[in-house]
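# Coordinate inspection notes
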Amino acid sequence: MLRLAARRLLGLVPTLFVIVTLSFFVIRLAPGGPFDDEQTLPPEIKANLEAAYGLDQPVATQYLRYLQSLSHGDFGPSFKFKDFSVTELIGQGLPLSLTLGLAAVLLALALGVPLGAFAALRQNGALDYSVMAFAVLGVALPGFVIGPLLALVFGLHLRWLPVAGWSPGEWRYLVLPALTLALPVIAYIARLTRGSLLEVLRSNFVRTARAKGLPERIVLWRHAIRPALLPVVSYLGPASAFVMTGSLVVETVFGLPGSGRYLVQGAINRDYTLVMGMIIVYGSLMLVLNLIADLLYGWLDPRVRYE
Amino acid sequence: MSDPSRGFWIDAARRLLRHRAAVVAGALIVLVTLLAAFGPAWSPHRFDAIDWENMGIAPGSTNAHWLGTDRLGRDLFVRTLQGVQISLQIGLLATLVSLCIGVAWGAIAGYVGGRLDEWMMRVVDVLYSLPYIFIVIILSTLFDRGNIQVLFLAIGAVGWLTMARIVRGQALSLRKREFIEAAIATGVSTPAIVWRHVVPNVVGPVIVYATLTIPQMILFESFLSFLGLGVQEPQASLGSLINEGAQEMESAAWLLLVPAAFLVTLLTCFNFLGDGLRDALDPREQ
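About the thresholds
Residues numbered from 1 in each chain as written. Chains lettered and ligands numbered in written order. Predicted model: local features only at pLDDT ≥ 70, side-chain atom pairs only at ≥ 80, totals over all residues. Helix = DSSP H or I, 4+ residues; strand = E, 2+ residues; numbered from the N terminus. Buried ≥ 20, exposed ≤ 12 C-beta atoms within 10 Å, placed from the backbone. Contact = placed C-beta atoms within 7 Å. Expected span 1.5 Å × (residues − 1). Bend = angle between axes of the 7 residues up to and from the residue. Axes fitted to C-alpha atoms, helices over the stretch in contact; angles between N-to-C directions. Parallel < 35°, antiparallel > 145°, perpendicular 65-115°, else oblique. Left-handed = near helix turned anticlockwise from the far one by under 90°. Nonpolar A, V, L, I, M, F, W, Y, C, P; charged D, E, K, R; others polar. Core = buried A, V, L, I, M, F, W, Y, C linked by C-beta atoms within 7 Å. pLDDT = per-residue confidence, 0-100.

### A word on the overall build of chain B
Scanning chain B from N- to C-terminus turns up twelve helices and zero strands. Reading chain B from its N terminus to its C terminus gives the helix and strand order α-α-α-α-α-α-α-α-α-α-α-α. Looking at chain B residue by residue over its 286 residues, the buried ones come to 46%. By sequence separation, contacts in chain B at least 24 residues apart represent 69% of the contacts at least 6 residues apart.

Structure representation (structure tokens):
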């Protein structure tokens, strides 16, 4: 198991390398540079600035230099947020972004699985239909619609929770953002759980368990639920990727000082190093989370273990 | 085989019509499309015209503006419909781009097989593991911002992977069929076989998946426009309108609710239509 994990982890390195290389060259192809819209700099000063950051060198040289500093774990200085290194900027925002993402995934699991299970147990009942309707709608509602709507209802009208903003350690500020991120995931997990539990409940081993005279409670919780949750586990990888991209929007909507906003700001400002840093950090996080979900799946399902 | 058996398509159409939700969804899509195409012409206002006397007017409070105006006095009815137009255009064009790449890639990989297949699918796997939204964000910076003529290229260029996988799977199973063997035996060239015999036979799944791709592409576009990376002022797309509306929702909730309602309706309808088409074109699933 450990050896497999290590091998798969090493397998991520080429993918990460492709991401770094691809995004490095593509973003440099984009028109405009980081110092373009600073109130019309005299050309000499602009040239000096570009020389200071090594932007006057050929792209290939810049690329090799960047890889070299990356290998020391250095993401370089930010072009727009002067006096800050990219590592500092991302490091400041990342804990909040991770807390938000983790809260959203946990919330989605805590609500999605029971909803789906109850819907499956009362198939074609009123609860089942409302869960399925919610599942269809939830998947179609993007975060940048849900977020403002939730803020409008719970923040402005009911005044239960703050509309936006952040103060450290105050969980109330995280409720609406986490819910916004989690809603589509809840919907999808509920649908997955319902579908697979219905299938499992019809399978032979469940019939055997019932025939042995086991109480329904034990049939469900000891025998049926574990195989029924496998699709949910394999969805956790895509779900965490979804939550991380969603946090780009949610942090904007709710004015949270996470790290997600740096990707968009960086792309608009042509802040090359900041964009690269964000892509590397978020990209590797996604790859690792996907890997963890994969390994978890293998650990839960004995059928895939000996492949 | 050159004439796709008509019975299948008639059966499929019948199955689709029995699918209530899909029929309603399809009708709504047609309605919204027509409204977006002709609605702005009914209104006396232009999408970027400023009405200095009616700024930030709520819907229904004046007859001049059916859905009210934004902070700058621009007519929301016209702006929303113009946004629907742009979102639909980009969604359809991006789907078309991803369709062309995906079908060609998948059909060639699946039919030719062997080393080429392995290599082509490895490319798909690597691209799959990349965080696509990042690629879209980076690609969207490639073009001057607001250049919607090429925005759909950026979005479509990352959306073809699943299509390629689906088509490849179909093409793999077609390879062994008699009519393909017959074509090979009569000396038809490989490109001609792919184009005339493989591609027409994957139309069903391709239609289904394309219908489900359109809402994703609309969503991408709105996502980018919401973040300020897509369509730029004074033009509007549903995403940028929702962004403007979200900033003003304390005083003018309708600016958020109107475009949001259009976006959610479109996305839900395309999803329902896709589900209905899947049931109709793939009877095995039932």
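This is not the end of the story, as more comes after the structure.
### A word on the overall build of chain A
Along chain A, the regular secondary structure elements total twelve helices and zero strands. Reported as C-alpha extents along the three principal axes, the dimensions of chain A are approximately 85 × 55 × 30 Å. In chain A, which comprises 307 residues, the proportion classed as buried is 36%.

### As for the environment of Thr95 of chain B
Residue and element names in this part refer to chain B. Assignment of secondary structure puts Thr95 in helix 3 (residues 76–112). Taking the C-alpha atoms as reference points, Thr95 and Thr211, separated by 116 residues in sequence, lie 8.6 Å from one another. Sequence-distant contacts of Thr95, that is, excluding residues within four places in its chain, are made with Gly156, Ala210, Thr213, Ile214 and Met217.

### Here we look at helix 4 (residues 86–121) of chain A
Under the 1.5 Å per step criterion, the end-to-end length of helix 4 of chain A is 51 Å for 36 residues, consistent within 8% with the ideal 52 Å. Remark: the principal bend of helix 4 of chain A, roughly 35°, maps to Leu94 of chain A, with a proline, Pro95 of chain A, within the next four residues.

### A short note on the packing of helix 10 (residues 203–226) of chain B against helix 11 (residues 238–247) of chain B
Residue and element names in this part refer to chain B. Between helix 10 and helix 11, the least distance of the axes is 6 Å, while the angle of their chain directions is 40°. With respect to each other, helix 10 and helix 11 are oriented oblique. The handedness of the crossing between helix 10 and helix 11 comes out as right-handed. Along its contact with helix 10, which presents Glu221, Ser222, Phe223, Leu224, Ser225 and Phe226, the element helix 11 presents Leu238, Gly239, Ser240, Ile242 and Asn243. Of the residues belonging to the contact of helix 10 with helix 11, the class tally is five nonpolar, five polar and one charged.

### As for the interface of chain B and chain A
Residue-level contacts link 31 residues of chain B with 35 residues of chain A. Elements represented by at least two residues in the side of chain B that touches chain A include exactly helix 4 (114–129), helix 5 (132–142), helix 10, helix 11 and helix 12 (254–281) of chain B. Grouping the amino acids of the side of chain B that touches chain A by side-chain chemistry returns 23 nonpolar, six polar and two charged.

### So, the nonpolar core
Counting residues in each nonpolar core, the largest one holds 155 residues, and the members touching the most others are Val185 and Ile189 of chain A together with Ile155 and Ile242 of chain B. At 17 residues, helix 3 of chain B tops the list of elements feeding residues into this core. Once you skip the residues sitting within four places of it in the chain, Ile189 of chain A turns out to touch Ala108, Leu109, Gly112, Val113, Gly116, Val232 and Tyr235 of chain A.

### Section: the environment of Val124 of chain B
Residues and elements named next belong to chain B. Assignment of secondary structure puts Val124 in helix 4. A tally of 19 C-beta atoms within 10 Å means that Val124 is categorised as partly exposed. Through-space distance from the C-alpha of Val124 to that of Gln232 is 32 Å; in sequence the pair is 108 residues apart. Ignoring any residue separated from it by four or fewer positions in sequence, one finds Val124 in contact with Leu161, Ala164 and Arg165.

### Considerations on the confidence of the model for chain A
Scored by pLDDT, chain A comes out at a mean of 83, with 98% of its residues at no less than 70. The weakest mean pLDDT in chain A belongs to helix 2 (residues 43–52) of chain A at 78; the strongest belongs to helix 8 (residues 204–211) of chain A at 91.

### A closer look at helix 9 (residues 216–228) of chain A
Taking 1.5 Å of rise per residue, the 13 residues of helix 9 of chain A would be expected to cover 18 Å, yet its terminal C-alpha atoms sit only 16 Å apart, more than 12% below that figure. The inward-facing, buried residues of helix 9 of chain A contact helix 7 (172–201) and helix 8 of chain A.

### Considering the packing of helix 3 of chain B against helix 10 of chain B
All names here are of chain B. For the pair helix 3 and helix 10, the least separation of the axes is 8 Å and the interaxial angle reads 130°. By the angle between their directions, the pair helix 3 and helix 10 is classed as oblique. Crossing of helix 3 against helix 10: the hand is right-handed. Across the interface between the two elements, Ser87, Ile90, Gly91, Leu92, Ala94, Thr95, Ser98, Leu99 and Val103 from helix 3 touch Val206, Ala210, Thr213, Ile214, Met217, Ile218, Glu221 and Ser222 from helix 10.

### Details of unusual backbone geometry
Residues and elements named next belong to chain A. Despite not being glycine, Asn124 shows a phi value in the positive range, around 70°. Tracing the chain through its elements places Asn124 in the loop between helix 4 and helix 5 (126–140). For Asn124, a count of 9 C-beta atoms within 10 Å translates into the label exposed.

### As for the confidence of the model for chain B
All names here are of chain B. For chain B, per-residue confidence averages 81 on the pLDDT scale, and 89% of positions sit at 70 or higher. Within chain B, no element has a lower average pLDDT than helix 5, which sits at 73, and none a higher one than helix 3, at 90. Taken over the whole predicted complex, pTM reads 0.81, whereas the ipTM for its chain interfaces reads 0.75.

### Details of the environment of Leu92 of chain B
Residue and element names in this part refer to chain B. Along the chain, the position of Leu92 falls in helix 3. In this structure Leu92 comes out as partly exposed when scored by C-beta crowding, with 17 C-beta atoms within 10 Å. Linking Leu92 and Met217, residues 125 residues apart in sequence, is a C-alpha distance of 7.8 Å.

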